[in-house]
Amino acid sequence: MKKIIINLFLIICVVKLSNTNYTFAQTSKKLIHEGNQKYEQKKFGDAEIDYKKSINTKENEFIGNYNLGNAYYQQGKFDEAKQQYETASGLKSVNKENLSKTYHNLGNTLLKNKKFEESVQAFKQSLKLNPKDNDTRYNLAYAQSMLQQQQQQQKQDGDKNQDKKNQQKENKNQEQQKEQEQKQEQNKEEQAKKESQPRKDKISKEDAEKILQALNNDEKKTQKKLNVKEGTKIQIEKEW
């Protein structure tokens, strides 16, 4: 039974296998049958439970895993659906036709998760097993188109990011240049301030010694005068 969902001109075929041509153990057969009924009633969560119980019986594992993948898919649990389809496709008991359907549904699941490159590969794998499946062929074309758009968008985003980095680099260079100019202006102001202050003349060592010698000579002359004054006697007349 094919479930065809049209979304943005995309035909998504979720194929639920019939019980025909399979020999089931009674418990597994009953659980899968009940799960299928609930699935048809769109009670996907209840169907999920029955399919899980079916898998636990270790009977008809492909049908259980495949249908569980469908139940997950219908609930929007695309990561879980992907895992179940991959499990189903890895079982030795699966035939070529059912394996093609599994890859088809896997491709749809990957489309939902916007993993377009992986989706393209899954649809190609499905077509290898069943080249006459037009639904898969259409979905492959759609996935390739979405992949191309994604790659173009990534390129545009990359270009925008590069432009942003270049602009940030240019802004940084401008800031550094502005800081350098401010620093140079500050240095000029400090230099001008220093030049406007009175300069203190420096004297050589020789001139300093001459000044010191002159001071010493002056001091000697002063001392000599004092000695002369101290040596002068004043005669005091004695009163009788």
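Since we're looking at a predicted model, the values are computed, not measured.

Here is what the cut-offs are and how they apply
Residues numbered from 1 in each chain as written. Predicted model: local features only at pLDDT ≥ 70, side-chain atom pairs only at ≥ 80, totals over all residues. Heavy atoms only, no water. pLDDT = per-residue confidence, 0-100. Helix = DSSP H or I, 4+ residues; strand = E, 2+ residues; numbered from the N terminus. Contact = heavy atoms within 4.5 Å. Phe/Tyr/Trp six-rings, centres within 6.5 Å; stacked < 30°, edge-to-face > 60°. Buried < 20%, exposed > 50% of the residue type's maximum accessible area, 1.4 Å probe, protein only. Polar contact = N/O pair within 3.5 Å; in protein donor to acceptor, adjacent residues only side chain to side chain. Expected span 1.5 Å × (residues − 1). Axes fitted to C-alpha atoms, helices over the stretch in contact; angles between N-to-C directions. Parallel < 35°, antiparallel > 145°, perpendicular 65-115°, else oblique. Left-handed = near helix turned anticlockwise from the far one by under 90°. Salt bridge = Lys/Arg side-chain N within 4 Å of Asp/Glu carboxyl O. Core = buried A, V, L, I, M, F, W, Y, C linked by side-chain atoms within 4.5 Å.

## Observations concerning the confidence of the model for the protein chain
Caution applies to low-pLDDT regions: their predicted coordinates should not be interpreted in detail. Confidence in the prediction for the protein chain averages 81 pLDDT; 78% of positions are at 70 or higher. No element of the protein chain has a lower mean pLDDT than strand S1 (residues 2–7), which averages 35, and none a higher one than helix H6 (residues 116–129), which averages 96. Note on residues 1–9: pLDDT under 50 across the span, and 22 contacts to partners over four residues away in sequence or across chains. Scored below 50 in pLDDT, residues 20–24 makes nine contacts in the model with residues more than four places away or belonging to other chains.

## Some details on the packing of aromatic side chains
Counting across every chain of the model gives four aromatic pairs. Centroid distance Tyr73 to Phe78: 5.5 Å. Interplanar angle 70°. Geometry classified as edge-to-face. For the pair Tyr73 and Phe78, one class covers both residues: buried. An aromatic cluster is present here, built from Phe62, Tyr66 and Tyr85 joined pairwise through their rings.

## Topic: the side chain of Gln84
Its place among the elements puts Gln84 in helix H4 (residues 78–89). For Gln84, a relative accessible area of 12% corresponds to the buried category. Only 2.7 Å separates the side chain of Gln84 from the side chain of Asn65, close enough to count as a polar contact. If we ignore the near neighbours within four places in the chain, the residues touching Gln84 are Ile55, Asn65, Leu68, Gly69 and Tyr72.

## A few points about helix H5 (residues 96–112)
In a regular helix each residue adds 1.5 Å, so 17 residues correspond to 24 Å; H5 covers 25 Å between its end C-alpha atoms and thus fits that length. With respect to burial, H5 is a largely interior element, 13 of its 17 residues being buried. At the N-terminal end of H5, a side-chain oxygen is found 3.2 Å from the backbone nitrogen of Glu97, two or three residues along, and the residue is Asn95. Immediately beyond the C-terminal end of H5, within one or two residues, lies Lys114, with a positive phi of roughly 60°.

## Observations regarding the packing of helix H3 (residues 61–74) against H4
Contact geometry of H3 with H4 gives a least axis separation of 8 Å together with a crossing angle of 160°. The orientation of H3 with respect to H4, classified from their angle, is roughly antiparallel. Once H3 is placed against H4, the crossing between them reads as left-handed. Seen from H3, the contacting residues are Phe62, Asn65, Tyr66, Leu68, Gly69, Asn70, Tyr72 and Tyr73; seen from H4, they are Phe78, Glu80, Ala81, Gln84, Tyr85, Thr87 and Ala88.

## What about the pattern of salt bridges?
Opposite charge on two side chains lets them pair, provided their charged atoms get close. A full pass over the atoms with the stated rule returns five salt bridges. One salt bridge connects Lys52 with Glu48, and the closest N-O pair in it is separated by 2.9 Å. Of the two residues, Lys52 and Glu48 are both situated in helix H2 (residues 44–56); the distance of four residues between them amounts to about one turn of the helix. On the basis of relative accessible area, Lys52 is assigned to the partly exposed category, the value being 35%. Among the charged side chains, a network of salt bridges with common partners joins Glu48, Lys52 and Lys77.

## Quick word on the side chain of Lys82
As for its placement among the helices and strands, Lys82 is situated in helix H4. Exposure remark for Lys82: the relative accessible area of 18% places this residue in the buried category.

## Observations regarding the nonpolar core
Membership of the largest hydrophobic core comes to 23 residues, with the highest contact counts inside it found for Tyr51, Phe62, Tyr85 and Leu106. If one sorts the elements of this core by residue count, H3 sits on top with seven residues.

## Focus on unusual backbone geometry
Phi at Lys42 is positive, roughly 65°, even though this residue is not glycine. Topologically, Lys42 is positioned in the loop between helix H1 (26–40) and H2. A positive phi angle is found at Lys114, which is not glycine, with a value near 60°. Looking at the element boundaries, Lys114 is found in the loop between H5 and H6. With a relative accessible area of 59%, Lys114 lands in the exposed category.

## Describing the environment of Ala81
Looking at where Ala81 falls in the secondary structure, it is placed in helix H4. Residue Ala81 is classed as buried on the basis of its relative accessible area, which comes to 0%. Sequence separation between Ala81 and Asn67 is 14 residues, and the spatial gap between their C-alpha atoms is 9.4 Å. In this view, Ala81 contacts Gly69, Tyr72, Tyr73 and Thr109; residues no more than four positions away in its chain are not counted.

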